[in-house]
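# Structural description and commentary
Chain residues, written in single-letter form:
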Amino acid sequence: MPTNQYTCKNCEKSFDVTYKFCPYCGQKSKDELTLGILFSNTISNYFSVDARFFKSFIPLMTRPGYLAKRFLEGKRLLYLHPAQMYLFISVVLFFLFSFIANKQATLFDASIKKDFERAKVVMDSMYQKPLDSVQFKKYMAPYIKNNEDLELTNAEIKSLDSIIKTSSSSSSKRSYNFAVFNQTGVDSLLQAGASDQVIYKHMGLDDDAGYLKRKFYEQFLKFYKYKSGGSILKRFYDTIPIAMFFLLPIFALLLKLMYFRKGAYAYHLVFSFYFFAYLFTVFSILVACNFIWSNFPVWITVLTMLSTFIYLFIGLKRFYEQGWFISFVKSNIIVLSFFTILIPITLFLAFFAFLYY
């Protein structure tokens, strides 16, 4: 190899020694690692992203569709990359959201305990002792008094008598179920150290019940033991970031279907990244406001959420360059379609959070 050649340590290709940077991979030649270089590179890389973020932030919030349009025009280093911006803001959002989630989980647990206490009073009254003679006469009195109007035969009165006695005497033995059960009985079994299987049966679980039904009883008993729903709420919130990685491509697919002649799928994905970055920024501001101000006006939140539709409408108009009316119609179709997909996904996540918390 000629003496005036230098071999890059990164890509191992040779180039002239007069070059300060490798023409193949861009790494600095003869760059010895020192603490200064290590930290200067780290800080410079961070602030280069940070500077582009702030340069992109104002257009993102005030000029719908502008960043996506500039990105497709080739201005890809001037502003923060759409995927980078989306990831950066999503991290900020879910970091702030974690504080609200913890607060809501604590309040939810307190509310659950109160609800169980109230429900116990109601449920216990449902499983009372059989009626005594005085109570029985009290229940039968209206029927006997108004017998002429009701035109009940002796056989019908005897039948009614039998029904009231049977239902009252078996009230303490009626089968329980997942939604309604005798909390006092379950508490007694828990204090006695009964197995979960015995308690499930007491709550009304059939021996031939399937996996899903048994799982419901298992989770509900766990829920009842600890009187805590906060962990379910946290699990639900934890699944939201994962869900967003599926929802964003779905949103881009809806754009592709509405504007199928306007470019490849990646074209629509760019707009989706910037739009979701805007949404997450709005959500971050609302979360921060609700955390700082506990009585943050609901009407401001509602108006802010409605403004996101206006942002989408204007963004679609500018990005795809179609008329105002057709852009308005398409934005409505996209939003309705997206929520049609979002609602069942949300229900599934809530179901999953309950089954596996």
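Our structure's up above, just so we're on the same page.
Rules used throughout
Just so you know, the residues in each chain are numbered from 1, in the order the chain's sequence is written. Totals for whole chains, interfaces and linings use every residue, but because this is a predicted model, local features are given only for residues with pLDDT of at least 70 and side-chain atom pairs only at 80 or more, for both listing and counting. Excluded from the side-chain calculations are hydrogens and water; all other atoms, namely the structure's heavy atoms, are used. Under the DSSP-based scheme used, a helix requires at least four consecutive residues in state H or I and a strand at least two consecutive residues in state E, with every element numbered from the N terminus. Burial classes follow relative accessibility: with a 1.4 Å probe on protein chains only, a residue under 20% of its type's maximum area counts as buried, one over 50% as exposed, and anything between as partly exposed. Note on contacts: a residue pair is in contact if any heavy atoms of the two residues lie within 4.5 Å. We get accessible surface area from the Shrake-Rupley algorithm with a probe of 1.4 Å; when it comes to residues, only the shown protein chains can shield them. Lines fitted to C-alpha atoms define the axes here, with helix axes fitted over just the stretch in contact, and angles between the N-to-C directions of these axes take values from 0 to 180 degrees. Roughly parallel means an angle under 35 degrees; roughly antiparallel means over 145; roughly perpendicular covers 65 to 115; every other angle is labelled oblique. Working rule for handedness: look at the near helix, and if it is turned counterclockwise from the far one by less than a right angle, call the crossing left-handed; if clockwise, right-handed. Think of it as three bins: nonpolar holds Ala, Val, Leu, Ile, Met, Phe, Trp, Tyr, Cys and Pro, charged holds Asp, Glu, Lys and Arg, and polar takes everything else, Gly as well. When two cysteine sulfur atoms are found within 2.5 Å, that pair is recorded as a disulfide. Grid points spaced at 1 Å over the protein atoms alone were grouped into cavities, where a 1.4 Å probe fits but cannot get out, and pockets, open sets with protein on both sides within 12 Å along at least five of seven lines, with lining residues defined by an atom within 4 Å of a point. Grid points are joined across faces, edges and corners, and a volume is the space filled by probe spheres set on the points. Grouping buried Ala, Val, Leu, Ile, Met, Phe, Trp, Tyr and Cys residues that are joined through side-chain atoms within 4.5 Å yields what is termed a nonpolar core. Here the aromatic set is Phe, Tyr and Trp, taking the six-membered ring for Trp, and pairing holds for ring centres within 6.5 Å; pairs whose planes are under 30 degrees apart are stacked, those over 60 apart are edge-to-face, and all others are tilted. One less than the number of residues in a helix, times 1.5 Å, gives the span that helix is expected to have. Here, a salt bridge means any Lys or Arg side-chain nitrogen found within 4 Å of an Asp or Glu carboxyl oxygen.

The helix and strand tally for the chain stands at 13 helices and two strands. Counting over 357 residues, the chain shows a buried share of 32%. In the chain, the share of contacts with a sequence separation of at least 24, taken over all contacts with a separation of at least 6, comes to 65%. With an accessible surface of roughly 22200 Å², the chain has 65% of that area assigned to carbon and sulfur atoms.

This part is about the packing of helix 11 (residues 265-292) against helix 12 (residues 298-320). Where helix 11 meets helix 12, the closest approach of the two axes is 11 Å, and the angle between their N-to-C directions is 160 degrees. Put simply, helix 11 runs roughly antiparallel to helix 12. The handedness of the crossing between helix 11 and helix 12 comes out as right-handed. Between helix 11 and helix 12, the contacting residues are Y267, H268, F271, F275, Y278, L279, V282, F283, L286 and N290 on the first element and T301, T304, M305, S307, T308, Y311, L312, G315, L316, F319 and Y320 on the second. Grouping the amino acids of the contact of helix 11 with helix 12 by side-chain chemistry returns 14 nonpolar, seven polar and no charged.

The final tally for this structure, using the stated rule, is zero disulfides. The cysteine C11 is free of any disulfide, with C22 supplying the nearest cysteine sulfur at 3.6 Å. Taking the relative accessible area as the measure of exposure, C11 reaches 26% and is therefore partly exposed.

With that settled, consider empty space enclosed by the protein. Within this structure, the stated rule accounts for one cavity of 30 Å³ or more. Of the volumes computed, that of the largest cavity is approximately 70 Å³. L60, R63, G65, Y66, L67, A68, F271, Y274, F275 and Y311 are the residues that line the largest cavity. Contributing elements (two or more residues each) for the lining of the largest cavity: helix 2 (66-72) and helix 11. A breakdown of the residues in the lining of the largest cavity according to their chemical character gives eight nonpolar, one polar and one charged.

Quick look at unusual backbone geometry now. In the Ramachandran plot, E12 falls in the positive-phi region, its phi being about 60 degrees despite a non-glycine side chain. Summarising the element assignment, E12 is placed in the loop between strand 1 (5-7) and strand 2 (14-16). Given the relative accessible area of 65%, E12 is considered exposed. Of note, the phi angle at E321 is positive, near 55 degrees, even though the residue is not glycine. Relative to the assigned elements, E321 resides in the loop between helix 12 and helix 13 (324-355).

Inspection of the secondary structure assignment puts P249 in helix 10 (residues 230-258). For P249 and L269, which are 20 residues apart along the polypeptide, the C-alpha to C-alpha distance reads 6.9 Å. Sequence-distant contacts of P249, that is, excluding residues within four places in its chain, are made with M244, Y265 and L269.

Once that is clear, we can look at the nonpolar core. Ranked by internal contacts, the top residues of the largest apolar core, which has 42 residues, are L60, M85, F271, F275 and F276. Of all the secondary-structure elements, those providing two or more residues to this core are helix 1 (35-62), helix 2, helix 3 (82-126), helix 10, helix 11, helix 12 and helix 13. In terms of residue count, the dominant contributor to this core is helix 11 (13 residues). When near neighbours in sequence (up to four residues on either side) are disregarded, F271 contacts G65, A68, L255, L312, G315, L316, F319 and Y320. Grouped together as the second largest cluster of nonpolar side chains are eight residues, I199, Y200, A209 and F220 included.

With that settled, the discussion passes to the packing of aromatic side chains. What describes a pair of aromatic rings is the distance from one ring centre to the other and the angle between the planes of the rings. Counted by the stated rule, this structure contains 30 aromatic pairs. For the pair Y259 and Y320, a centre-to-centre distance of 3.8 Å together with 5 degrees between the ring planes defines the contact as stacked. Of this pair, Y259 sits in the loop between helix 10 and helix 11 while Y320 sits in helix 12, and the two are 61 residues apart along the sequence. Of the two residues, Y259 and Y320, neither departs from the other in class, the shared state being buried.

Below, the discussion takes up helix 12. For helix 12, built from 23 residues, the straight-helix expectation of 33 Å at 1.5 Å per residue is met to within 8% by its first-to-last C-alpha distance of 34 Å. Those residues of helix 12 not exposed but buried are T308, Y311, L312, F313, G315, L316, K317, F319 and Y320. Following helix 12 by one or two positions, E321 adopts a phi angle in the positive range, close to 55 degrees.

As a further point, take the pattern of salt bridges. Per the stated rule, a full pass over the model turns up two salt bridges. Between E321 and K69 there is a salt bridge whose closest N-O contact spans 2.8 Å. Of the two residues, E321 is situated in the loop between helix 12 and helix 13 and K69 in helix 2; the sequence distance between them amounts to 252 residues. Taking the shortest distance from any N to any O, the salt bridge between E73 and R70 comes out at 2.5 Å. A relative accessible area of 15% places R70 in the buried class.

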